[in-house]
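# Structure assessment
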Amino acid sequence: QVQLVESGGGLVQAGGSLRLSCAASGRTFSNYAMGWFRQAPGKERELVATINWSGGATYYEDSVKGRFTISRDNAKNTVYLQMNSLKPEETAVYYCAGDRVIVHGTNPTYWGQGTQVTVSS
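Attention here is on the structure that accompanies the text.

Before going further, it helps to examine the overall build of the protein chain. Summing up its helical and strand segments, the protein chain has 0 helices and 11 strands in all. Reading the helices (α) and strands (β) of the protein chain from amino to carboxyl end gives β-β-β-β-β-β-β-β-β-β-β. For the protein chain, the C-alpha radius of gyration of 13 Å lies close to 14 Å, the compact-globule estimate for 121 residues. Counting only C-alpha atoms, the protein chain reaches 40 × 30 × 25 Å along its principal axes. Burial statistics for the protein chain: of 121 residues in total, 43% are counted as buried. Taking as baseline every contact in the protein chain between residues at least 6 positions apart, the subset at least 24 positions apart corresponds to 56%. Surface summary for the protein chain: the accessible area is close to 6300 Å², and the carbon and sulfur share equals 48%. The averaged location of the 9 negative side-chain charges in the protein chain is 6 Å from the averaged location of its 11 positive side-chain charges.

Laid out in structure tokens, this is it:
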């Protein structure tokens, strides 16, 4: 049983940075893989990054490699997405999600409400 709440979105200029946070409640948080997804207007939901339960393994979508960093602090029940060098095409609603495993094509069990990220040109 996990509840997720995202924060940290907002308006940023192209080339700027934001750090998204996802606060989790529930004693099973540390057993879950976590991921960040995004959905831009008129486009399908896209997996951005994932991190396993221990934080020792991560995955990034190709377009964000080298610019985004996913991390977690299990003691604080929080997962983060540091986003650098943001591009206008990355304007989207960003969601965090959790499940026992998160892989391509899956629909995680637990989702946050989303946080809007708008990158101006």
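Looking now at the side chain of Ser21. Structurally, Ser21 is set in strand β3 (residues 18–25). Exposure remark for Ser21: the relative accessible area of 16% places this residue in the buried category. Here Ser21 is in contact with Val5, Glu6, Ser7, Trp36, Thr78, Val79 and Tyr80, once residues within four sequence places are set aside.

Turning to the nonpolar core, a few remarks are in order. In terms of nonpolar packing, the biggest core is built from 29 residues, with Leu4, Met34, Trp36, Ile70, Leu81, Met83 and Tyr94 touching the most fellow members. Top contributing element to this core by residue count: β3, with 4 residues. Filtering out sequence-adjacent residues up to four positions away, Leu4 remains in contact with Cys22, Ala23, Ala24, Met34, Cys96, Ala97, Gly98, Tyr110, Trp111, Gly112 and Gln113. Of all hydrophobic cores here, the second largest spans 5 residues; its members include Ala33, Phe37, Leu47 and Ile102.

Overall, antiparallel pairing links the 4 strands, which are arranged β1-β3-β8-β7 in an open sheet. On the outer flanks of this sheet lie β1 (3–7) and β7 (68–73), each paired with one strand and no other. Each neighbouring strand pair of the sheet contributes to a mean axis angle of 15 degrees, computed without reference to strand direction. Pairing analysis gives 6 bridges linking β7 to strand β8 (residues 78–83), with the strands arranged antiparallel. In the sheet register, Arg72 faces β8, and the bridge partner there is Val79.

The rules behind the values
For every chain, the first residue of the written sequence is number 1, and numbering continues from 1 along that sequence. Local features in this predicted model are restricted to residues of pLDDT 70 or higher, and side-chain atom pairs are both shown and tallied only at a pLDDT of 80 or more, whereas totals for entire chains, interfaces and linings draw on every residue. Note that water and hydrogens are dropped before the side-chain values are worked out from all heavy atoms of the structure. Strands here are runs of E lasting at least two residues and helices are runs of H or I lasting at least four, both read from the DSSP assignment and numbered beginning at the N terminus. Only C-alpha atoms enter the radius of gyration, while the globule expectation follows 2.2 Å times N to the 0.38, with N the number of residues. Note on exposure labels: buried denotes an accessible area under 20% of the residue type's maximum, exposed denotes more than 50%, and partly exposed covers the range between, all computed with a 1.4 Å probe on protein chains only. Contact between two residues is taken to exist if any of their heavy atoms lie within 4.5 Å; hydrogens are not considered. Areas reported here follow the Shrake-Rupley algorithm with a probe of radius 1.4 Å; residue values treat only the protein chains shown as occluding. In summary, the charge assignment counts Lys and Arg as positive and Asp and Glu as negative, without counting His or the chain termini. Positions of charges follow a simple convention, taking NZ of Lys, CZ of Arg, CG of Asp or CD of Glu. Side-chain atoms within 4.5 Å link the members of a nonpolar core, which is a set of buried Ala, Val, Leu, Ile, Met, Phe, Trp, Tyr and Cys residues. DSSP calls a pair of strands paired once it identifies at least 2 bridges connecting them. Note on definitions: angles span 0 to 180 degrees between N-to-C directions of axes, and those axes are lines fitted to C-alpha atoms, for helices only across the stretch in contact.

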